[in-house]
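These are the residues of each chain, in order.
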Amino acid sequence: MIAHGAAPGHPARPRGAWRRLAADPAVLAAALAIQVLLLVFIVWPLVRVVVVSLTPGGLWSTAAYAEQLRSWYIQRAVVNSLLVGVLTAGVSVVLGFAYAYTLVRTAVPLRRLLHLLAILPIVSPPFVSSIAIILLFGRGGIITSGVLGLQDFNIYGFKGLLLAQVMTFAPVAYLILRGVLEGIDPTLEDAALNLGAGRLTVFRRVLLPLATPGIASAFLVVFIESLADFGNPLLLAGSAFPILSVQAYLQITGMFNLPAGAALSVLLLAPSIAAFLIYRAIVGRRRYVTITGKPGRSSLKATSPLTTGLLFATTALMAGLVVLFYAVIAAGALARTWGVDNRPSLDALRYVLSVGGETIRDTLTIAVTATPVSGLLGMVVAFLVVRRRFPGRGVLEMTSLLNFALPGTVVGIGYILAFNQRPLLLTGTMLILVACFVFRYVPVGIQSGIAVLRQIDPAIEEAAQNLGASSALTFRRVTLPLVRPAFFSALVFAFVRAMTAISAAVFLVSANWNLMTVQILSEVGSGRYNAAAAYSMVLLAIVVAAIAAIGLLLRRGYSPVQGRFL
Amino acid sequence: MSAPALLIDRLTKVFADPAGAAVVAVDDVTLAVAAGEFVSLLGPSGCGKTTLLRIVAGFETPTAGEVVIAGERVTELPPNRRDTAMVFQSYALFPHLDVFENVAFGLRVRGVAAPSLGARVAEALALVGLTGLERRSPDQLSGGQQQRVALARAVVTRPRLLLLDEPLSNLDAKLREQMRVELRRIQRELGITAVYVTHDQVEAMTLADRIVVMNRGRVQQVAPPAELYARPATPFVAEFVGKVNLLEGRVTVADGDRWRVALAGLEAVVPARGPVPPDGRVGVVVRPETVHLRRDGPLRGVVRRTTYLGSQVEYEVEVGDLRLQAIGQSPLEEGIFAEGERVGVTIGFDVAHVVPLDGVG
Ligand SMILES: Nc1ncnc2c1ncn2[C@@H]1O[C@H](COP(=O)(O)OP(=O)(O)OP(=O)(O)O)[C@@H](O)[C@H]1O
Ligand SMILES: [Mg+2]
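Note that the structure is predicted; figures quoted are calculated from it, not measured.

Draft legend 1. Here's a closer look at the domain arrangement of chain A. Residue and element names in this part refer to chain A. Assigned domains within chain A: domain 1 (71–333) and domain 2 (355–566). Between domain 1 and domain 2, the residue contacts involve 45 residues of the former and 40 residues of the latter. Counting across the interface, domain 1 meets domain 2 through 2 salt bridges. In this structure, R497 and E225 form a salt bridge, with 3.6 Å as the shortest nitrogen-oxygen distance. Across the domain 1-domain 2 interface, the total number found is 1 residue pair in polar contact (both at pLDDT 80 or more). When contributions to the side of domain 1 that touches domain 2 are tallied by element, the ones reaching two or more residues are α6 (128–137), α10 (199–228), α11 (231–236), α12 (244–254), α13 (258–285) and α14 (305–333). With 12 residues, the single largest contributor to the side of domain 1 that touches domain 2 is α13. For the side of domain 1 that touches domain 2, the residue count by class is 35 nonpolar, 8 polar and 2 charged.

As structure tokens, then:
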């Protein structure tokens with residue numbers, strides 16, 4: 001069929017997106033404001049890092065890179081970082097998959113407990129494993145010197161770091177892969193069994209191909225996180241095993257060499273961005289399937305009893321390791337002097353609550369400020385991206401997600417470079433930490449918001465508009481309540497990360513605004529392991545309490561509200 | 001005469017498909033709907049019905065043309081300022097609000113306050129027969145009840161225009177029939193102007209004052225149901241509305257209000273229609289219920305297929321080179337012809353209708 005031009009005397013009037021936007025200015029205003037914020041707090045710091053790394057001594061040149069890459073030590077750091085990243089990702093994905101498969105696809109006991117134990121490392125500071133490892137295997141560690149009586153065992157370096165990172169990031173892989181496996185209808189496996197396929201064939205020919213995109217994205221996410229990790233390498237890598245993120249930090253804080261630090265962080269950035277682009281390509285191609293009313297029933301017959309037993313044993317072993325790690329942290333927090341005098345005492349906790357009281361208050365203030373802002377921003381961006389057409393929509397989505405690919409070290413260096421002069425003089429303020437957390441962790445909220453929104457019939461929001469509600473009112477009264485699960489996870493994630501983040505924050509703390517994580521690192525640095533463990537326990541307690549509180553708040557706040565409406 | 005309740009003026013909507021090619025979803029559609037009228041948009045899947053409705057509601061911006069509601073040009077007005085009420089195919093009830101709050105939503109947006117709010121919601125719920133279910137949440141309702149909540153939510157604001165997009169398509173056959181009657185009653189009672197999208201011709205026939213038949217984005221014919229059935233404007237309309245034998249032929253003699261038409265091996269005398277086309281080729285629309293099978297008769301045929309439907313029997317009968325569909329009424333009284341049986345055939349050419357064969361009429 002051919003388009004007919006309008007009849008003469010009645011010219012066809014072309015209408016663009018602009019005219020519609022003029023009628024709904026809230027959308028345009030919100031999109032514009034958010035885009036400006038993203039440019040200032042994500043793109044601009046990144047630009048500064050790159051520019052500074054390319055202008056050592058004020059002139060454009062690649063000298064900073066050349067100088068760094070000439071150094072044998074830095075070459076080792078590049079290789080080490082990539083090697084640990086790939087190995088951590090590989091091991092984490094295998095373990096995470098086994099763990100997720102056991103919990104989702106078999107009927108083993110204690111699934112709820114096993115799940116909670118896997119979550120625990122995710123809501124802890126990313127270097128808690130390192131502290132536990134030092135307490136267990138370090139000099140004076142209870143296993144190495146206590147149980148085994150080893151005198152010259154050295155946990156520092158490659159093996160310690162790999163263990164710490166796997167303990168830290170395998171849970172991340174588990175969570176992603178659990179979602180993947182839950183999204184695959186188990187009746188498909190039943191159908192394959194019914195068609196005569198053996199169990200191994202079902203796994204290889206049905207489950208694995210369906211899970212492959214998910215497995216690949218879990219690998220890439222862990223790879224990115226491992227590259228960006230700062231706390232574990234700082235504590236465990238040791239000087240014989242240099243790691244890029246730590247070297248960048250040392251260049252800046254130790255040598256005050258900004259171009260060198262910037263250049264090293266850009267070296268860190270390149271593989272992250274590459275991994276992120278591959279990740280986007282994989283995730284972008286995946287179709288979103290609306291969850292239908294009827295859940296797939298399966299008798300979970302696709303795994304043999306023997307395999308189930310093996311899986312359960314493996315899972316229990318990993319969970320046992322988590323228990324051991326946290327038990328030793330608790331023991332450390334309650335011991336008089338770790339490794340020397342292990343009698344119980346509350347001294348360390350008392351020290352943390354008195355001397356560290358202000359740091360705890362700072363940390364809480366910043367987290368409580370950043371959390372709602374980040375959560376709401378995530379939902380608004382998801383709403384705009386999924387439900388509205390406006391110029392620059394793709395750019396908005398891309399910039400808001402970009403930060404996910406930026407290692408914290410890059411962001412931290414970028415922030416000190418970008419916000420150290422007027423009109424954007426923010427160094428040393430609370431605002432710089434809040435902004436860092438909001439924009440750094442908003443991508444997770446955006447992504448879960450987008451995923452949930454894509455599963456909600458757009459007609460529901462159209463119905464609200466059709467009944468007279470403006471864009472803003474529709475968002476507040478219909479969209480936000482509907483995306484509550486995503487909103488919840490965005491808030492929890494934002495809070496947990498604001499409490500536990502270290503790699504970017506370590507550049508941004510000041511005498512006025514200090515963070516618990518930074519304090520923990522410095523306690524470890526000065527050998528006060530008891531204090532470090534005590535801080536970790538307090539931090540963990542706050543995070544768990546906050547998650548419970550957010551859950552309660554959301555449940556109460558969004559029951560159908562009668563009467564009070566606008 | 002006052003302005004029509006809805007005027008769709010030369011509306012065109014072109015989408016870009018993912019490959020970038022242009023898809024003309026609505027093609028130069030013009031339509032006027034009078035106040036209080038019930039108009040049905042009927043057409044096959046993908047013909048642009050939903051797109052047209054969504055343009056009227058303001059969810060899509062037309063590529064060209066205008067939408068005028070009660071004399072006011074609304075083409076650029078956002079959906080929340082158009083005062084149209086839509087019943088969505090999926091109902092689109094707010095899952096986080098109960099029945100009362102769903103129905104109250106539009107009133108609250110308009111700032112209707114407490115005493116009158118409750119009264120109007122109660123009234124709307126009474127209208128659809130759902131009094132007492134105010135505090136249920138949508139997922140505790142049956143499909144039919146959800147559909148009625150959607151309807152109550154739409155009419156409670158007394159909109160200028162009620163837009164319905166296949167609202168009955170998710171219901172089972174019995175409930176669908178029942179809801180058709182209720183829908184019509186409610187629309188009459190409130191005197192609301194309604195535009196109803198469907199691809200089900202029976203639904204359109206039973207509900208609408210006028211039916212707009214669409215195909216590939218274009219309007220084929222606008223007419224009341226009886227006229228649409230008796231005098232389809234194009235072969236497409238004839239085939240889409242009801243069952244039909246569409247016979248190709250050539251006019252041999254045009255004699256006043258009767259034409260003699262040569263069909264494959266037959267001569268027929270049919271009612272004339274307009275001027276004879278230059279090449280003389282026409283389509284003759286013969287409805288199956290006007291083809292009668294008897295034991296004997298001058299025109300002989302062979303039964304090729306028999307389909308028993310209880311109250312009727314559908315036949316396919318071969319007459320010379322023609323294959324015709326026929327309907328035998330009341331098989332309990334009239335009996336059934338077996339496949340392969342030789343029968344006498346009478347064809348109701350005197351009530352047949354001629355359509356031009358070259359596309360749009
Ligand atoms: N957003 C869009 N982008 C591209 N093409 C579209 C879009 N929406 C609709 N179309 C196309 O426009 C045409 C008309 O679609 P529309 O939904 O109006 O059909 P319909 O008559 O309502 O069909 P159905 O009876 O199946 O609901 C179809 O070819 C469809 O593929
Ligand atoms: Mg449709």
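Picking up after the structure, the text goes on.
Draft legend 2. Broad picture of the pairing of strand β12 (residues 258–263) of chain B. All names here are of chain B. Only one face of β12 is buried: it carries W259, V261 and L263, and the other face, with R258, R260 and A262, is open. Bridge count between strand β11 (residues 245–255) and β12: 5 bridges; the pairing is antiparallel. Within β12, the residue paired with D255 across the bridge is R258. Turn length for the β11-β12 hairpin, with the two strands adjacent in sequence and antiparallel, is 2 residues, and the turn residue G256 shows positive phi of about 60°. As paired strands, β12 and strand β13 (residues 266–271) are joined by 6 bridges and run antiparallel to one another. Bridge pairing links R260 to V269 in β13.

Draft legend 3. Fine view of the domain arrangement of chain B. Partitioning chain B into domains gives domain 1 (6–230) and domain 2 (243–356). Distance from the C-alpha centre of domain 1 of chain B to the C-alpha centre of domain 2 of chain B: 39 Å.

Draft legend 4. A look at the sheet that holds strand β4 (residues 64–69) of chain B. Residues and elements named next belong to chain B. Ordered by their spatial adjacency, 4 strands build an open sheet running β2-β1-β4-β5, and the pairing between neighbours is antiparallel. Only two strands of the sheet have a single neighbouring strand rather than two, namely β2 (22–33) and β5 (72–73). Relative to β2, strand β1 (residues 6–16) runs antiparallel, the two being bridged by 8 bridges. Bridge pairing in β2 places F15 opposite V23. Where helix α1 (residues 49–57) meets the sheet, it contacts β1, β2 and β4, and its direction lies at approximately 115° from that of β1.

Draft legend 5. Main features of the side chain of A:H115. All names here are of chain A. Positionally, H115 belongs in helix α5 (residues 111–119). In this structure H115 comes out as buried when scored by relative accessible area, which is 16%. Dropping the residues within four chain positions of it, H115 is found in contact with L103, Y174, L175 and R178.

Draft legend 6. Inspection of the sheet that holds β12(B) at higher detail. Residues and elements named next belong to chain B. Within the open sheet, the 5 strands sit side by side as β13-β12-β11-β14-β20. Their pairing is antiparallel. Both edges of this open sheet fall to β13 and β20 (353–356), since each of them pairs with a single strand only. Averaged over all pairs of adjacent strands, the angle between strand axes in this sheet comes to 45°, irrespective of strand direction.

Draft legend 7. Summary view of the nonpolar core. Membership of the largest hydrophobic core comes to 208 residues, with the highest contact counts inside it found for A:Y415 and A:F437. When residues in this core are grouped by element, the largest group, 14 residues, is from helix α19 (residues 430–454) of chain A. Those residues within four positions of A:Y415 in sequence are excluded, and the remaining contacts are A:F41, A:P45, A:I432, A:A435, A:C436, A:F439 and A:L508. Listed in part, the 48 residues of the second largest apolar core include B:F38, B:A104, B:L164 and B:Y196.

Draft legend 8. Examining the pattern of salt bridges more closely. Residue and element names in this part refer to chain B. Across all of its chains, the model carries 32 salt bridges over all chains by this definition. Salt-bridge contacts for E60 lead to R54; the nearest nitrogen and oxygen are separated by 3.4 Å. With a closest N to O distance of 3.2 Å, R185 and E189 form a salt bridge. Separated by 4 residues within a single helix, R185 and E189 lie in helix α5 (residues 173–190), roughly one turn from each other. Overall, the relative accessible area of 35% leaves R185 in the partly exposed class.

Draft legend 9. Quick look at the side chain of A:S92. Residue and element names in this part refer to chain A. Residue position: S92 is located in helix α4 (residues 72–105). Overall, S92 belongs to the buried group, its relative accessible area being 0%. A distance of 2.7 Å separates the side chain of S92 from the backbone oxygen of T88, its partner in a polar contact. Beyond its immediate sequence surroundings of up to four residues, S92 is in contact with V166, F169, A170, A173 and V222.

Rules and cut-offs
Residues numbered from 1 in each chain as written. Chains lettered and ligands numbered in written order. Predicted model: local features only at pLDDT ≥ 70, side-chain atom pairs only at ≥ 80, totals over all residues. Heavy atoms only, no water. Domains from an automatic or database assignment. Contact = heavy atoms within 4.5 Å. Salt bridge = Lys/Arg side-chain N within 4 Å of Asp/Glu carboxyl O. Polar contact = N/O pair within 3.5 Å; in protein donor to acceptor, adjacent residues only side chain to side chain. Helix = DSSP H or I, 4+ residues; strand = E, 2+ residues; numbered from the N terminus. Nonpolar A, V, L, I, M, F, W, Y, C, P; charged D, E, K, R; others polar. Buried < 20%, exposed > 50% of the residue type's maximum accessible area, 1.4 Å probe, protein only. Pairing = 2+ DSSP bridges. Axes fitted to C-alpha atoms, helices over the stretch in contact; angles between N-to-C directions. Core = buried A, V, L, I, M, F, W, Y, C linked by side-chain atoms within 4.5 Å.

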